[in-house]
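If you want the building blocks of each chain, they are given just below.
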Amino acid sequence: MGKFRGWHIVAGIAAMVLTGILGTAMGLNNTAAFMSSCVAFVAVSMWMDSRITLRRRERARETARETAQEAERQAALAAEVDDAGPAPDRPLEAEQPKREGRGT
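Residues numbered from 1 in each chain as written. Predicted model: local features only at pLDDT ≥ 70, side-chain atom pairs only at ≥ 80, totals over all residues. Heavy atoms only, no water.

1. Quick word on a positive patch on the surface
Piece 1. The grouping of Lys-3, Arg-5, Arg-51, Arg-55, Arg-56 and Arg-59 at the surface amounts to a positive patch.
Piece 2. Here Arg-5 lies in the segment before helix H1 (7-25).
Piece 3. Under the relative-accessibility criterion, Arg-5 is labelled exposed at 57%. (Patch = residues over 30% accessible without salt bridge, like charges linked within 9 Å, V, L, I, M, F, W, Y side chains within 5 Å. Areas by Shrake-Rupley, 256 points an atom, 1.4 Å probe, with all protein chains shown as cover. Salt bridge = Lys/Arg side-chain N within 4 Å of Asp/Glu carboxyl O. Lys, Arg positive; Asp, Glu negative; His and termini not counted. Charge placed at Lys NZ, Arg CZ, Asp CG, Glu CD. Helix = DSSP H or I, 4+ residues; strand = E, 2+ residues; numbered from the N terminus. Buried < 20%, exposed > 50% of the residue type's maximum accessible area, 1.4 Å probe, protein only.)

This is the structure we're talking about:
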């Protein structure tokens, strides 16, 4: 869909125009045609917005799943490297601060 994020509004306007034309063709007065067009706009806009949101959520879930799988692979590779033995340049304990006092 690109960068344009107002597809639900475009679909609502299209439904509004179509409903207005059909209402006028059926012989509704202007007020009735306009009211039915407004109802169609809201209904179609909300429906499209929910569909777009569901797709985005599913895409986000897939991305999160892929990221988690990649993290698991990286952790497995790191575990294989760690099993080879400790690295000599790693400190075994956390370093203590060189100054005295409470510090922040």
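2. As for a nonpolar patch on the surface
Piece 1. A grouping of Ile-9, Ile-13, Val-17 and Ile-21 is seen on the molecular surface, where their side chains present a nonpolar patch of about 360 Å² in accessible area.
Piece 2. Structurally, Ile-21 can be placed in helix H1.

3. Considering the environment of Ala-15
Piece 1. As for its position among the elements, Ala-15 is in helix H1.
Piece 2. Residue Ala-15 is classed as buried on the basis of its relative accessible area of 15%.
Piece 3. Through-space distance from the C-alpha of Ala-15 to that of Val-42 is 9.2 Å; in sequence the pair is 27 residues apart.
Piece 4. Other than its neighbours up to four places away in sequence, Ala-15 contacts Ala-40 and Val-44. (Contact = heavy atoms within 4.5 Å.)

4. Some words on the environment of Met-46
Piece 1. Positionally, Met-46 belongs in helix H2 (residues 30-83).
Piece 2. Remark: the alpha-carbon pair of Met-46 and Gly-12, spanning 34 residues in sequence, is separated by 8.4 Å.

5. A short note on H1
Piece 1. Taking 1.5 Å per residue as the helical rise, H1 with its 19 residues ought to reach 27 Å, and the 27 Å between its terminal C-alpha atoms agrees with that figure.
Piece 2. Regarding H1, the residues found buried are His-8, Gly-12, Ala-15, Gly-20 and Gly-23. The buried residues of H1 all sit within an arc of 135 degrees when viewed along its axis, so they share a single face. Residues Leu-18, Ile-21, Thr-24 and Ala-25 are exposed on H1 and point more than 90 degrees away from its buried face.
Piece 3. Downstream of H1 by one or two residues, Gly-27 has phi in the positive range, about 95 degrees. (Expected span 1.5 Å × (residues − 1). Arc of directions from axis to C-beta.)

These figures come from the coordinates and say nothing about function on their own.
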